[in-house]
Structures are given as C-alpha cells and as structure tokens.
Amino acid sequence: MNRRLPTPIGPERFPAVGHGTPPRPDAEAGELDLPRFRSLIARRWRSIVGVTVVAVLAASVYTLLVAPVWDASALIRVDEKEGGLIAPSGLEALTNLAGGGEIETEMRMLRTRPTAEDVVDELDLHVRVEDPKEIPRELLFASLEFGRNTIEAEYSIRPAVGGRYRIRAAGGDTPPLDREFAPGEPIEIPGGTLVLADLARGRDREGDPLPTSVDLETVLFQEAVEDLFEDMSVTRPDRDADVIRVGYRSTDIVLAAEVPNAMAQAFIRRRDETNRADARSTVGFLSEQVEDTRVRLEAVEEEMRGFREGEQIVALDAEAEAQVERLARLETERTGLDTERAALSELISDIEQGSGPPDYRRLASFPTFFRNDAVAGILEELIQADRARNEFLVRFTPNHPDVIALDERIDQLEGQLASIGRNYLGSIERQIAALDDALGRFGSELERVPARQIRFARLLRQADLLSELYKLLSTRLKEAEVAAAIDDSSVRIVEYAIQALEPDSPRPVRNLALAAVLGLMLGLALAYLRDAADPRLQPTDRIEDLYGVPTMARIPSLAVRNGLSGRDGLVVAEASGSVAAESYRSLRTNVGFVRGGEGASEIVVASPSPDGGSSVAAANLAVALAQRGRSTLLIDADMHQPSQHRLFRLPAGPGWRECLEAGEVVDGAVRPTHVPGLSLLAAGERPAHPAELLDNPGADGVLDALRARFDALILVAPPVLPVADATILAPRTHGVILVVRAGVTDKGEIARAIEQLRRGDAVVLGVVVGDAEPEGSYPGYLTTAGDRPRGGLRALIRRHDDAGN
C-alpha cells in the first residue's frame, strides 16, 4: 500500500480545475515584486548597463564640451519710507496693504526696460563673443564702444601676416567687410567701434596664452535687452529681510559680476532721479502757495492796523468782549463758510463749464483741501501719473496700452477730487443753515454789540487763520527743499557682486551622477517595456494569475535538446540531490493532491508547441513516481517525434503504435528500464496518420489493459497545437499536465492550448514551468548534482520516497 507523507502543500492550493474555469491569457501578471525585479535585471542587465553607460558618456561629452557658466549676484537693501511730505490717502494705504508692500514694488521696478537699457548701453551687451566663450571679453578687446543702432551681424577675426589681424563679416545684414588691422587700432563696424587687445602676448586667468582667433556677433539693441532679462534673476532670498538679490548668469566670468552691479547702480540712479523730480515738483507747488498765503496775511494785518487806528480801539470791557466774541465767532464762522462756499462753488462751476475737459486737480489749490491728507495724496499721485505719462509719450504714441492705462488712472483720480469737492460743498451749505438759525436767536444781542467790535474780532480771527496756514506751508516747503537736496538712503547696495571661484555649471560630479541615475532608470524602464512587449512566458510570471490553473512545479533547468540520447535529462535518477530533482519530487507530491485531493494516476504530459520540454518532464515525473514505490508505466504516445527510447536506451519497437493497431498490449512492447519500478512503452514505428490510431475503440482496450498492470500511467503526447493527438488522448485519462518553458513558450500559445484541451472535454491539472526561477532558495538543503541533502523536511521526504514507503 502506498502511503503519502504529510506535506505543506495542501489541496486548497490546487483546487480541481474543471471545464468551467476559463483561462485568463490577458490577466496582469501582478505588480513588479522583488523576485520579478531581480529576474528582470538578471535577464536584461546588458541592455540596462548599456543604456547607463551611454547616458554617462553623453553627460561626460557634454561636460567637456560645454562652456562653463558663471553666476554672481548683488544685494540691495530697501528700507520702508518713513514720514513723507504728504500723507498717503486711505485708498493708497489699502492698496499697499493688499499689494504686498514696497519690496515687491522695487523688485518689479528692477526689471523695467529703462533700467535694462541703461545696463546694455553701459556694458555693450549687444556685442557678444561666440568663440572662445570661456575667455572674458575684457581680455580679448581693449575697448568696445557701441550705440543703440547695432544690427544683426557676425564677424570673424583671424591672424594675418606680420602680427596683424584680419576681420571679415561672416553673416548677417552687414555690408561686406574684409580689413587688416593691428592690435590697438580702432576698427569701425556698423553700430560702433572695437579695439582688439594684443592676443599674441595676452594670458588668460590660468596663465595660458590667449586664442588668436575670435568670432563675435552684434545683435539688435532690443534683443540684447530681452536676453538680459532672460539671464537675470531678481529674487527675495529671505522673506523676513528687506533685501533684494540681483543675479546674472554668463559664460564670461567678468560680465557675470559686472551686470548685477551695473543693474543695481542703474536702478538706484533712476530711483534717485525720480525722487528728486517729485521733490522739485512739490517745492514749486508749495512755493506758490506760500507766496499767495503771505500776500493775503499781510493784507489782513494791514486792514486790522487801519481799522484799529481809525476806530481808536484800545480795550474792551469783559462783558462786551464776551458778547462780541460770541457773536463775532458765529458771524465770522458763518461769513467764512459763506465765502468758502461761494469760492468753492465758483471754482467747481469754472472747472465744469470750461472750454476743455474738467481739470478737477485745481481743487487742490483750495485752502481747505490743501490741508486735507486725502486730497494731498490724490494730488501727489496725479503728479506722478502725469510725469509717467509724459515719459511714456517720449517713446510711445497716445494709443499705446500703457499711455491709455495712465489716462484712465488720471481720470479716476480727478473723479475722486470732484466727488470730494461736491461733498464738501454740501457740508458747507448745511453748516451755514445751522449758523443762520443760531444767529436769528441772537438778533437782539447783535443790536447791542458795537459794529466796530464785531468787525475787529472778525479781522483778528481771519489773521490767525492765515498765520497758521502760512506756518504750515512754510514747514512743508522746507521739508521738500531738503528732500530735493539730499540723496535717498532708503535703497542702497549692501553687497556688490564679485567673480565666482567655481562655475555654476557644468558640475562634473553632479552631471555624471545624475546621468548614471537617469540612465539606470531609463535602462530599467526599457527593460521593463521589452518584457511587457515580449509575448513569451517570463521566468517570474505567475501561471495562476495568467490562466487560472495552478503551477505544479517550477523546474530550474529543463533539457530539451533535439536528438537527446542517453540519460542526460533524467536528473531524478542521475542527480538526485540537485535542485531540479527536488522540483520533480515536488511535482510528484503535488500530483497526489489534484482533483480535490483524490490525486491522479493517469496523466497526459504535453506542451503547447514543440521544444516545450514535455518529454524530459514526463520521464522525470515517471522516475519520481517509481522511486516512491509505485509501479509506473511511461508511454511514449508521441508517434510524430518519439524520444523516450533514446532517453532510456531501449529499442523503439514494438511499442505504442503496434498495440493500438492490435487493440491489445503486444508481447515485448512493455520493457523494464534501469529505474526499479519503471517500465517503458516506446512509440514504435511512426505511422502515416497517428491521430486515426488514437481515435478508435482499440485505444481504450489498450489503456484498460495497462491500468490493470500498473499503478500509474504517464503518457507523453505530442504538442497540443500542431496536432490533435493530445486533445484526443487527454479525455481518456485523469487530466493533462502542460509543460512550458520560460523565455521560449508564447503566452498566447499556452492560452490556446488550454482552451483547445477544454473544448475536447479534457481536465487541465496544472502547468509545469521549465527554465524558471525557483520560488525560494534554501542554502544547505538543496545541493548541486551528485550531492546528498543533509537535512530538512524536503530531504526527509526524498529519503522516505526513495525507500518506497
């Protein structure tokens, strides 16, 4: 009686595969886990290494050939403005709060075109050295003087005879130019003049001789400005510090430091000019207002002197003074408001009924509004907007978008002034009405107050008002004069750009490391794509996920050489300690748990296509079953290309064909092999139509006779897809084991073979994967061929099986 040992492989791992379980050829093989990734690298390492090497070589060539790029930067400190001549209006304060403050405004002003144009003019950036790029321009030319009328052109300077040089126009729109000159001699080209240095005697920064050939180009002025913006950076390195960084990148180490310094200086210079222009405008306006107020104050004081002398007023008693003061204050206030109303009404009417567009900024000259912070702020913004508009009109037409935007802003500010004027006029009228009511109540008192005392008090109050206004205007005028005379220290350079010690790019170590990483990633991606596009079964593919059938065993090496002779492929018998032999014993064990745990003793072994390895797998499975003590018959049912008689070195006939033709087991057809318990029924002579021999009732009689004599029947069938033998034979057994080879067998062929067998009413027990990676390694337990296992459960199972228990 055959007794199975316990094994960790249970029947739940290999459920019965019936006809209703469809194959899944299009199922994903799962995520790329570590074993699959390791297998991918092992199979595609050459292409991965090749792509990585190419990437590193490309990065090396780039690093060697590209000119170094230098980066330098200057730091500008911007302090917030304190005080000021005129307080900002509420609208301006709200705008500053929402817009991010003065730092962002100054950063934007740094990138304005006028500032960049100043730098291009100062450093002649519209003249470029194309070759050699790595040599500073100041070492090649003694001087460069160019204007804004440069054209796009290319020039080459080459040595000539006698230490002289020749300059030629190499391209562009410039007229033909071919001239010899000596170093230090000015050479005129379209747009400017250049003076070549003595290249033969010059040395670069490392002390090496300068190249004697120079290629240069000139570009349009506006193109040079745009290029400056592209290579320049304006950033705020620290959000908590009021500092702006101005950086510049260039292949010229000297220009890389000069450009940020020139940009910072040009920005501060233009800013000072703008501030001084604002201050001068404010001084002129305040001077007019001071002079007008002084004249009015002197007139009132002279009127008071004449009235006092004419009326002989020396002092007033307490009661009269109190009444006069009270009534005079009300009447003076009412008269002042009435005068102010009339003046303001007349001013607004004159503004709105004038021949041209209403000029509401005239309201700023009204004394009451002049002391109003909101009106003062609007007026200052109008002055700045007018000045900006005039500057734009120098370069643009009135229809330019920037000019139109300024016109709209000016109209908006004047509208605000008009609204303030009308609202204030309405307020004055309401105050006059209230004072009229109060004066009506004091009508009787007015009769008792001498008119001369009332007039004197009125003149005195008017003089006090004008005196106070005169003091205020004089103070503001002095402040404006001081601001126009001194430099603005709120913006200054705190750190000038200097020449860098190392280039910003290229960085060889970083470039090579990045190229190696990118090359490795690209190589892995290409290897993975090649694997994904490869229709063949891969060593790490999971049969269960692909086709819905279990993997019976994974054989590391499967001998499938054509014309195989001798016992090279019988690893279970000849190399019982090898990993392959242990895999076949696992196959034998797993066969006992198929069909819901009932096991299978009549098995057809076939491959989807030729070279699948079914002959070697079937022979080793038969040897493993015989070593377990079961009488086993190996039937070579492949009458197209028989091979089992060569494996076991036995005669080819009589065999399977002769038994099928006779309808019974022919004498001498079943022969014992050198493996105890294993017999072989060879294929016999090759018939003309093997499928017709199988598809007849005589085949069932032969199989019945063999079942009666042996415990297990292993039938080696030809490939499933080319011929119908396996499809005909499989339904007469317990099922079929498909043998496939990783890296050889097409995945679609496996799916079609499973489908074809099931259409023929066959049961697919599982799949044996040859040339596959084992699911795990067990050092010290599985050894090379010829060695004996030294311990462990697998060794115990194998010794138990070899003993026939």
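Computed from a predicted structure; not experimentally measured. (Residues numbered from 1 in each chain as written. Predicted model: local features only at pLDDT ≥ 70, side-chain atom pairs only at ≥ 80, totals over all residues. Heavy atoms only, no water.)

**Structural notes on the overall build of the protein chain**
Piece 1. The helix and strand inventory of the protein chain stands at 25 helices and 20 strands.
Piece 2. For the protein chain, with 805 residues in total, the buried portion stands at 44%.
Piece 3. In the protein chain, the share of contacts with a sequence separation of at least 24, taken over all contacts with a separation of at least 6, comes to 78%.
Piece 4. Per element, the accessible surface of the protein chain, about 40,000 Å² overall, is 52% carbon and sulfur. (Helix = DSSP H or I, 4+ residues; strand = E, 2+ residues; numbered from the N terminus. Buried < 20%, exposed > 50% of the residue type's maximum accessible area, 1.4 Å probe, protein only. Contact = heavy atoms within 4.5 Å. Areas by Shrake-Rupley, 256 points an atom, 1.4 Å probe, with all protein chains shown as cover.)

**Let's talk about the sheet that holds strand β3 (residues 141-146)**
Piece 1. The strand order across the open sheet formed by three strands is β3-β8-β7, and the pairing between neighbours is antiparallel. Looking at strand neighbours, the two that pair on one side only are β3 and β7 (186-189), the edges of this open sheet. Each strand of the sheet is rotated relative to its neighbour by a mean of 20°, with strand direction disregarded.
Piece 2. As paired elements, β3 and strand β8 (residues 192-196) share five bridges and run antiparallel to each other. Paired with phenylalanine 146 across the strands is glycine 192, a residue of β8. (Pairing = 2+ DSSP bridges. Axes fitted to C-alpha atoms, helices over the stretch in contact; angles between N-to-C directions.)

**What about the sheet that holds strand β15 (residues 632-636)?**
Piece 1. With mixed pairing, the eight strands of this open sheet are ordered in space as β13-β20-β19-β14-β18-β15-β17-β16. The open sheet has two free edges, formed respectively by β13 (551-555) and β16 (670-672), since each of these has just one partner strand. Averaged over all neighbouring strand pairs, the angle between strand axes comes to 20°, with direction disregarded.
Piece 2. Strand direction decides the pairing type here: β15 and strand β17 (residues 678-681), joined by four bridges, are parallel. Bridging from a neighbouring strand, threonine 632 pairs with leucine 678 of β17.
Piece 3. Along the sheet, helix α18 (residues 614-627) contacts β14 (602-606), β15, β17, β18 (712-716) and β19 (735-741); its crossing angle with β18, the most-contacted strand, is approximately 170°.
Piece 4. Each of β14, β15, β16, β17 and β18 touches helix α22 (residues 697-709); the most contacted strand, β18, lies at about 135° to it.

**Brief notes about the pairing of β17**
Piece 1. Of the two faces of β17, the one carrying Leu678 and Leu680 and the one carrying Ser679 and Leu681 are both buried.
Piece 2. Taking the residues that link successive antiparallel strands as the turn, the β16-β17 hairpin has five residues, and the phi of glycine 677 there is positive, at about 85°.

**Quick notes on the packing of helix α17 (residues 579-591) against α18**
Piece 1. Closest axis-to-axis distance for the α17/α18 pair is 9 Å, and the angle between their directions is 70°. Taken as axis vectors, α17 and α18 run roughly perpendicular relative to one another. Of the residues in α18, those touching α17 at Tyr584, Arg585, Leu587, Arg588 and Val591 are Val616, Ala617, Asn620, Leu621, Ala624, Leu625 and Gln627.
Piece 2. When its residues are assigned to classes, the contact of α17 with α18 shows eight nonpolar, two polar and two charged. (Parallel < 35°, antiparallel > 145°, perpendicular 65-115°, else oblique. Nonpolar A, V, L, I, M, F, W, Y, C, P; charged D, E, K, R; others polar.)

**Some thoughts on the nonpolar core**
Piece 1. Core analysis: the biggest nonpolar cluster contains 47 residues, and Trp656, Leu681 and Leu706 have the highest contact counts within it.
Piece 2. With five residues, the single largest contributor to this core is helix α24 (residues 747-759).
Piece 3. Formed by 37 residues, the second largest nonpolar core is a distinct cluster that contains Leu570, Leu625, Leu634 and Val716. (Core = buried A, V, L, I, M, F, W, Y, C linked by side-chain atoms within 4.5 Å.)

**A short note on α22**
Piece 1. Here α22 has its buried residues at Gly698, Ala699, Val702, Leu703 and Leu706. Buried residues of α22, seen end-on, are gathered within an arc of 135° and therefore sit on one face of the element. Of the exposed residues in α22, those oriented more than 90 degrees away from the buried face are Pro697 and Ala708. (Arc of directions from axis to C-beta.)

**Looking at the packing of aromatic side chains**
Piece 1. Tallied over the entire structure, the rule returns two aromatic pairs.
Piece 2. Here the aromatic rings of phenylalanine 392 and phenylalanine 396 are separated by 5.7 Å at their centres, their planes lie at 35°, and the arrangement is tilted. (Phe/Tyr/Trp six-rings, centres within 6.5 Å; stacked < 30°, edge-to-face > 60°.)

**Comments concerning the pattern of salt bridges**
Piece 1. Taken as a whole, this structure holds 34 salt bridges when the rule is applied.
Piece 2. One salt bridge connects arginine 707 with glutamate 602, and the closest N-O pair in it is separated by 2.6 Å. Taken together, the positions of arginine 707 in helix α22 and glutamate 602 in strand β14 put the pair 105 residues apart, joining distant regions of the chain.
Piece 3. Beyond isolated ion pairs, a larger network of salt bridges with shared partners links Arg164, Arg166, Arg168, Asp178 and Glu180. (Salt bridge = Lys/Arg side-chain N within 4 Å of Asp/Glu carboxyl O.)

**Comments concerning the environment of glutamate 217**
Piece 1. If you trace the backbone, glutamate 217 turns up in strand β9 (residues 214-218).
Piece 2. A relative accessible area of 15% places glutamate 217 in the buried class.
Piece 3. Counting along the chain gives 86 residues from glutamate 217 to aspartate 131, while the straight-line C-alpha distance between them is 9.9 Å.
Piece 4. Not counting chain neighbours up to four residues away, the residues in contact with glutamate 217 comprise His126, Val127, Arg128, Glu130, Ala153 and Glu154.

**Section: a nonpolar patch on the surface**
Piece 1. A surface patch of nonpolar side chains, about 430 Å² in accessible area, is lined by Ile41, Trp45, Val49, Val53 and Leu57.
Piece 2. In this fold, isoleucine 41 is placed in helix α1 (residues 34-65). (Patch = residues over 30% accessible without salt bridge, like charges linked within 9 Å, V, L, I, M, F, W, Y side chains within 5 Å.)

**Let's talk about the environment of valine 591**
Piece 1. As for its position among the elements, valine 591 is in helix α17.
Piece 2. Sequence separation of valine 591 and leucine 625 is 34 residues, and the distance between their C-alpha atoms is 9.8 Å.
Piece 3. In this view, valine 591 contacts Met552, Gly599, Ala600, Ile603, Leu621 and Ile737; residues no more than four positions away in its chain are not counted.

**Digging into helix α10 (residues 373-395)**
Piece 1. End to end, α10 covers 34 Å across 23 residues, agreeing with the expected 33 Å (1.5 Å per residue, within 8%).
Piece 2. Along α10, the residues that are buried comprise Val375, Ala376, Gly377, Ile378, Leu379, Glu381, Leu382, Ala385, Asp386 and Arg387. (Expected span 1.5 Å × (residues − 1).)

**Structural notes on the pairing of β9**
Consecutive side chains of a regular strand alternate in pointing toward one face of the sheet and then the other.
Piece 1. Where burial is concerned, most of β9 is hidden: four out of the five residues are buried.
Piece 2. Examined bridge by bridge, strand β4 (residues 153-159) and β9 share five bridges and lie antiparallel to one another. Bridge pairing links isoleucine 157 to valine 214 in β9.

**Considering the environment of isoleucine 454**
Piece 1. On the secondary structure map, isoleucine 454 appears in helix α13 (residues 451-485).
Piece 2. Residue classification places isoleucine 454 among the buried positions, given a relative accessible area of 8%.
Piece 3. Sequence separation between isoleucine 454 and glutamate 331 is 123 residues, and the spatial gap between their C-alpha atoms is 8.6 Å.

**Considering the confidence of the model for the protein chain**
Piece 1. Of the residues in the protein chain, 82% reach a pLDDT of 70 or more, and the chain-wide mean stands at 78.
Piece 2. In this model residues 82-100 is a low-confidence stretch, pLDDT under 50, and it forms 16 contacts with partners more than four residues away in sequence or in other chains. (pLDDT = per-residue confidence, 0-100.)

**Here's the deal with the packing of helix α4 (residues 113-123) against helix α6 (residues 221-231)**
Piece 1. Close contact between α4 and α6 brings their axes to 9 Å; oriented N to C, the two are set at 105°. Of the possible angle classes, the one that applies to α4 and α6 is roughly perpendicular. In this structure, α4 uses Arg113, Ala116, Glu117, Val119, Val120 and Asp121 to contact α6, whose residues at the interface are Phe221, Gln222, Ala224, Val225, Glu226, Leu228 and Phe229.
Piece 2. Partitioning the contact of α4 with α6 into residue classes produces eight nonpolar, one polar and four charged.

**Notes on unusual backbone geometry**
Piece 1. The peptide bond linking aspartate 131 to proline 132 adopts the cis configuration, its omega dihedral lying at 5°.
Piece 2. Note the cis peptide between glycine 653 and proline 654, where omega equals -5°.
Piece 3. Even without being glycine, aspartate 124 reaches a positive phi, approximately 55°.
Piece 4. If you trace the backbone, aspartate 124 turns up in the loop between α4 and β2 (127-131).
Piece 5. Positive phi, normally seen in glycine, also occurs at arginine 649, with a value near 55°.
Piece 6. Its place among the elements puts arginine 649 in the loop between α19 (644-647) and α20 (656-662).

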